[in-house]
Structure formats: structure tokens, C-alpha cells
Amino acid sequence: MHHSTGQQRWWIGIIGICLLIAGTTVSAQEWVYTVVPGDNLWNLCQKYLYKVGYWKQLQQINQIKNPRRMQPGSRVRVPMEWIRVNAAHAEVIAIRGQAVLIKPDGTRQEPVTPGTRISLGDRLETAADSNAAVRFADKTVITLHEASQIRFDHLSAYGETGMVDSRLHLMNGRSDTRVTPASGPGSRFEIHTPSAISAVRGTEYRLSSNPQQQASTFEVLKGKVAVTGEKKTQLLLPSFGTRVETGKPPLPPRKLLPPPVIDPLPEKIEQLNWPVTWQAQEQAAAYRAEISQKADFISPLWQQQVTATRVPLPDLPDGRYFFRVRGIDDIGLEGITQVQEILLDARPQPPIPLSPNNGQLFRGSTPELKWSDSSDAVAYRLQIAGDPAFGHLLVDQNNLAATGFDASELKAPGHYYWRLYSLDATPEQGPVSDTRNWEIKLIPDKPETHLAVSDSAITTTWRPGIAGQTYQVQLAADSQFRELLQEASLQTPTWELQPVSGQVRYLRVRYIEPDGYEGPWGATQRIDPTPDDSWIYTLVTGALGILLL
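Residues numbered from 1 in each chain as written. Predicted model: local features only at pLDDT ≥ 70, side-chain atom pairs only at ≥ 80, totals over all residues. Heavy atoms only, no water.

Chemist: Hey, could you go over the overall build of the protein for me, with residue numbers and the actual values?
Modeler: When you go through the protein residue by residue, the secondary structure sums to 5 helices and 42 strands. On C-alpha atoms alone, the protein measures out to a radius of gyration of 44 Å, which is more than a quarter above the 24 Å that the 2.2 N^0.38 rule sets for 549 residues. Projected onto the principal axes, the alpha-carbon positions of the protein cover approximately 160 × 65 × 45 Å. A buried classification covers 44% of the 549 residues belonging to the protein. (Helix = DSSP H or I, 4+ residues; strand = E, 2+ residues; numbered from the N terminus. Rg over C-alpha atoms; globule rule 2.2 N^0.38 Å. Buried < 20%, exposed > 50% of the residue type's maximum accessible area, 1.4 Å probe, protein only.)

Encoded structure:
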């Protein structure tokens, strides 16, 4: 019983692919032509059939009463074997990077360019970071992606009927295919791989062939595709795919991953290598990102496969592009793409501010601004403002040829913010650079000290500093302050000393800023011994001199 069920499934698959490729038995044997004004049997035979003499048989088959004047809109059945068959050609319509066309005799035609004709038996190979789009006689288009090889095994057309028979062999790599709907029973489009055959009659699908893994993957986006391997056929509907390994039947159809959700992008991307991010998909093992100038992605400008949920954009000229991304599941099936239009306006690239360091503080001097030389620029625009929003511009200098600017005129204390633009020859202004800033602070004043002497103490005072300032006081035995006697850090502008007899001392004071900056020392004050003790000092000195004698 189980064996019978398996046979039934096999026959259902065979019937399905036969219906997909050829329709009914009758339609497979006959082409149906719709009469247009001016048609008669003679010109119909002359245009489409091997010989005009078939007109009598056509009259009998279709019971045409007046072969000279046929009713427009009526249908004429024509046996397929009578229709003239001729060799057809394909044509390269777009190329990015490099590709080579290898003829059946082994000769190589390169470079491949738009307009290159492809004939029966030719093989097309794309290089790394390259792709080629090929159009067939029925307007079907296939995009062969990087590092891929495809052979054109059969290229024929049934005269001018629109029916085209194209059979290809994808030996390695990836392809995107947009198959024109069949115009009759003679229409055929097949792609063979080492492990499977795909047959369609009008659809959009992707196909990959990996000789190392000995497997092929198929992903249907529109229409239907019949995939056959090892005498087993799977009919794939839109948004489904399958994998076929050599010597094995296709896996059951699997639902493709939904399109990822791309995180919001700015209306205008003004920075090179801007990272595009998207929401992670639980079942995705990797993602494929692509960029194209056209929404059809027939010839993508760039593609990259990543495992992360972000990818930096490539270095492209300014303009509008289409970015798309899709998830790749654990068996290599690529999901439905999410497309996002983007606007790049990153050129001419702004220079990089080099000096002063961001946030650098200046006291008693002003900075010289310096920046890098942008290869996109012929001149620069510099803006300096007193606020980070650049609402109050202090400098707005256009057409600076140099990569530096003397800011010595900006001496007032405060914060200064600066930014740059590059100008090209048009002259178009590019995006703005990073904003940098510097700060100017005044050098603290030299404190003026005052001494008040009493019998019990010597009090030193000076003018209080501004909020947050502290005071450093030094007392030394010499005017060069090499031999310090005392040193103190004070919060108040006063210091009390004890009188000392017989010793001259020196005192100085300076302001210390809240950020630790040390101001200049005030005038050095000489502190002589107190008057009441001076006679003792003289007497002792004289007595010591006498004793030494």
C-alpha cells in the first residue's frame, strides 16, 4: 500500500511538470494563432510556416470558408511541426565588472560588453565582484552573479511566433531569472544544474549551484517552477523554495523567510560607509545585501553576504540607489527581499579637523586651526560660532584654499565651535565635518599682598579671586624660593605668620583655577625680623665674633 502511494505521488509530479511545460496534449501539438485585420491563409503560411503550401491543410483543419478574407479575432490552429524553427541568439544587456564568453571551440571573447551576442553552445563566466545580465529572444532576462558559469545548451525560436526554446546549464554560481510568460506550446525555458532541472513557463525565481556541496537551491518569487531531481518533481509556488542534492530528490517545498525590517535611514546619507541595519530574523543564518541604480536589480552595483544585521554602504558616487536585503536560512534558501530607496550625498567629502584637540583650553594664546586635505575638494568653507548650534556665526569664510586658519582675532573668553565643508569645482558644497570646539580662559591676575605686623602675628592678605579659585602660598628663606620654609593651599585670601627673630623671610602668593591651572606668582614680599628682637640678634652676632677671635 505504501509503495502504491509513492508511485501515485511520482505520477502526480510528472503530470504536473508536463502540464506546466506543455499544457494539454492538444495544445502541445498545435499553436493557436489569432487573426488580425489583413490576414489571409497565404501570408500567414509565408510568415510562420516552412512553406506556403500548407494553406490548404490549414483551411481543412480549421474549416475556413474564405481563405482570402478571414474574420479578425478568429483563431487558427497550426500543427507545431509545420512552424518554421530557426536558431536564436541571446544578448548581454548589462555588465558590471568582468566576464568572458567561451565559444564551443574554446576561443575566448573578452571583454564582454553590452551588445555581445551569445549563440548555441557558448559559455559565459563572470569574475569576482562582477555580474552580467542576458536577454533572450522572448525578452526573458537572466542575471548571472559573481564567480558563476552558465552554458547555453539550446537557443531556438519558432519563426516570428514569439515562442522561444531556451535551455541552459548553470554549472556554478547564482542566477536571478525573469521569464517572459509562454506564448505557445513551443515556449520552453529550462535551467539544468548538476543535481536538478527547473522548468518554467513565465516566472521570477532564483537559482544557485554549488559544486563543492553538490547541491542546488531554487527560490520562487512569482509564478511556478517545477524542479526535478532523481525522477522526483516538486512544484514550487511563490515564496517557496527547495534544495536538491546530487543523486537525491528535491526536499519538500519550504516557505522562504519574510523580508527583514530595515531600521530607519536618514533622508540623505552624507557619510561614506554609512551602516545600514535591520532587525534580526530568528531563522536566518546569514543575510544578503545588494545595491542597484535601478529598482529591477538586473545588474546590481554591489552585493555582500554577512552574518551580522548591519552592513556599511560601499563607496559610491552621490545619487539615488536601491538597497535590498534578505535572510538566508540554514539550508541556503534565500528569502524575500526588503527594498529601501536611499539618497547618497556624501561628496565632496569634508576634511577632517586635526588641531586643536577637541575641547582644548587656551590661556594667553589663541589656536591655529588645521584640517586634512580632502581629495574631493578644491576649496573649503570654515564656520566658527559661539554656540554648538551655529546660530551665532563669528566666522563664515568661503573658498579657503589652505588647510589652516589663524584664529588669533578670537580672544574673548568663552567656548568656540568650528566645522568645515569641502567645495568642488562646480562649486558644490559637500556635507559638514564633525564639529570641534576650543575654550579660551583668561590668565589669572597676579595677587597683590599686604602685610599687617603686630606684636603677636604677621597677617598677609590679598584680593579675593573669582568663584572657585583657591590660593597657593609659599614662604622661603631665599628670594629664589629654593629653600622653602612653609607652603600652604588656602581657601581664604589671608595667611597668618608668627614673628621670627633674626631671619629674613620671603613670601609669595598665586591664584589656582578650579581646573588646577596655576596663575602667575604675585610680587615677592620680604619679611624682616621683628624690630623688638633685632638688638638681640646684633648682640649675639657681635659676641659670637669676639669669641671666635
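That was the structure; now back to the text.
Chemist: An account of the sheet that holds strand 25 (residues 319–328) is requested, with residue identities and associated values reported.
Modeler: Taken together, 4 strands build an open sheet; the order of strands is 23-22-25-26 and the sheet is antiparallel. If you trace the sheet from one side to the other, it starts and ends with strand 23 (302–306) and strand 26 (338–344), each paired once. Ignoring strand direction, the axes of neighbouring strands in this sheet form an average angle of 20°. With 7 bridges joining them, strand 22 (residues 286–292) and strand 25 adopt antiparallel strand pairing. Bridging from a neighbouring strand, A289 pairs with V325 of strand 25. (Pairing = 2+ DSSP bridges. Axes fitted to C-alpha atoms, helices over the stretch in contact; angles between N-to-C directions.)

Chemist: So what's going on with the sheet that holds strand 42 (residues 525–527)? Which residues, and what values?
Modeler: As summarised here, the arrangement of the 4 strands in space is 39-38-41-42, forming an open sheet in which the pairing is antiparallel. Both edges of this open sheet fall to strand 39 (484–490) and strand 42, since each of them pairs with a single strand only. Pairwise comparison of adjacent strand axes, ignoring direction, gives a mean angle of 20° for this sheet. The sheet contact formed by strand 38 (residues 470–476) and strand 41 (residues 505–512) spans 7 bridges and is antiparallel. Of the residues in strand 41, the one forming a bridge with Q474 is R508.

Chemist: Describe the environment of D434, naming the residues involved and giving the relevant values.
Modeler: If you trace the backbone, D434 turns up in the loop between strand 34 (429–432) and strand 35 (436–441). Residues D434 and P351, 83 residues apart in the sequence, show an inter-C-alpha distance of 9.1 Å. Ignoring any residue separated from it by four or fewer positions in sequence, one finds D434 in contact with P353, W418 and R419. (Contact = heavy atoms within 4.5 Å.)

Chemist: An account of helix 3 (residues 41–48) is requested, with residue identities and associated values reported.
Modeler: Taken residue by residue, helix 3 has L41, L44, C45 and Y48 as its buried positions. One face of helix 3 carries all of its buried residues, which in axial projection span an arc of 95°. Where the residues of helix 3 are buried, they touch strand 1 (30–34) and helix 4 (55–62). Capping of helix 3 at its N-terminal end is provided by N40; its side-chain oxygen lies 2.9 Å from the backbone amide nitrogen of W42. (Arc of directions from axis to C-beta. Polar contact = N/O pair within 3.5 Å; in protein donor to acceptor, adjacent residues only side chain to side chain.)

Chemist: Before we move on, can you summarise the side chain of S374 with the specific residues and values?
Modeler: Note on placement: S374 falls in the loop between strand 29 (368–371) and strand 30 (379–385). In this view, S374 contacts Q349, P350, P351, Y380 and S422; residues no more than four positions away in its chain are not counted.

Chemist: Break down the packing of aromatic side chains for me, with residues and values.
Modeler: Counted by the stated rule, this structure contains 12 aromatic pairs. Taking the centre distance of 5.1 Å and the plane angle of 15° together, the rings of Y416 and W438 count as stacked. You can see Y416 sitting in strand 33 (residues 414–423) and its partner W438 sitting in strand 35, a full 22 residues away along the chain. For the residue pair Y416 and W438, the accessibility class agrees, reading buried in each case. (Phe/Tyr/Trp six-rings, centres within 6.5 Å; stacked < 30°, edge-to-face > 60°.)

Chemist: Tell me about the packing of helix 3 against helix 4, and name the residues and values.
Modeler: Where helix 3 contacts helix 4, the two axes come as close as 9 Å, and the packing angle between them is 115°. Remark: the crossing between helix 3 and helix 4 carries right-handed chirality. Here helix 3 contributes L41, W42, L44 and C45 to the contact with helix 4, which in turn contributes W55, L58 and Q59. Counted by class, the contact of helix 3 with helix 4 contains 6 nonpolar, 1 polar and no charged residues. (Left-handed = near helix turned anticlockwise from the far one by under 90°. Nonpolar A, V, L, I, M, F, W, Y, C, P; charged D, E, K, R; others polar.)

Chemist: Please give an account of unusual backbone geometry that cites residues and values.
Modeler: At the junction of S355 and P356, the peptide bond is cis and its omega measures out at 5° in the coordinates. Along the chain, P356 falls in the loop between strand 27 (353–355) and strand 28 (360–363). The peptide bond linking T426 to P427 adopts the cis configuration, its omega dihedral lying at -5°. Note on placement: P427 falls in the loop between strand 33 and strand 34. Within the chain, N273 stands out as a residue other than glycine whose phi angle is a positive 60°. One can find N273 in the loop between strand 20 (254–255) and strand 21 (275–277). A positive phi angle is found at N399, which is not glycine, with a value near 55°. Take N399: it is sitting in strand 31 (residues 393–400).

Chemist: Just give me the short version of the side chain of S175, but keep the residues and values in it.
Modeler: Take S175: it is sitting in strand 12 (residues 164–178). Excluding residues within four positions of it along the chain, S175 makes contact with I142, T143, H145, L170, I191, Y205, R206 and L207.

Chemist: Describe the pairing of strand 19 (residues 240–245), listing the residues and the values that go with them.
Modeler: Pairing of strand 16 (residues 215–222) with strand 19, which is carried by 5 bridges, proceeds in the antiparallel orientation. Within strand 19, the residue paired with S216 across the bridge is V244. Pairing analysis gives 2 bridges linking strand 19 to strand 20, with the strands arranged antiparallel. From the neighbouring strand, G241 faces strand 20, where its bridge partner is R254.

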